[in-house]
Amino acid sequence: MSWDALFSLQGHGPYLLGAYGMTLALIGLEAFVLWRRARARRLAPHVRPGPREAAGRADGARP
């Protein structure tokens, strides 16, 4: 597909640009959310145990 066909307002060009744009927007959103989550964990005053660590060992045995 040529650049002229991709950026023309006739045919499937706008739909392809919209699909690529939404894909890039979703990738950017996911990267932002992961960055915020990592930053919040790094700045947290203490580490909270997950559900497995709070309930005991992962294999079900008592410590």
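Whatever comes next refers back to the structure up there.
Residues numbered from 1 in each chain as written. Predicted model: local features only at pLDDT ≥ 70, side-chain atom pairs only at ≥ 80, totals over all residues. Heavy atoms only, no water.

Asks: Just checking my understanding: could you explain the overall build of the protein for this structure?
Replies: On a plain count of helices and strands, the protein comes out with three helices and zero strands. The linear arrangement of helices and strands in the protein, starting from the amino end, is α-α-α. Going through the 63 residues of the protein one by one, you find that 3% of them count as buried. In the form shown here, the protein has an accessible surface area of approximately 6200 Å², with 62% of it arising from carbon and sulfur atoms. (Helix = DSSP H or I, 4+ residues; strand = E, 2+ residues; numbered from the N terminus. Buried < 20%, exposed > 50% of the residue type's maximum accessible area, 1.4 Å probe, protein only. Areas by Shrake-Rupley, 256 points an atom, 1.4 Å probe, with all protein chains shown as cover.)

Asks: How do you make sense of a nonpolar patch on the surface when you look at a structure like this?
Replies: A surface patch of nonpolar side chains, about 620 Å² in accessible area, is lined by Met 22, Leu 26, Leu 29, Phe 32, Val 33 and Trp 35. Relative to the helices and strands, Leu 26 is located in helix H2 (residues 13-43). Residue Leu 26 is classed as exposed on the basis of its relative accessible area, which comes to 51%. (Patch = residues over 30% accessible without salt bridge, like charges linked within 9 Å, V, L, I, M, F, W, Y side chains within 5 Å. Salt bridge = Lys/Arg side-chain N within 4 Å of Asp/Glu carboxyl O.)

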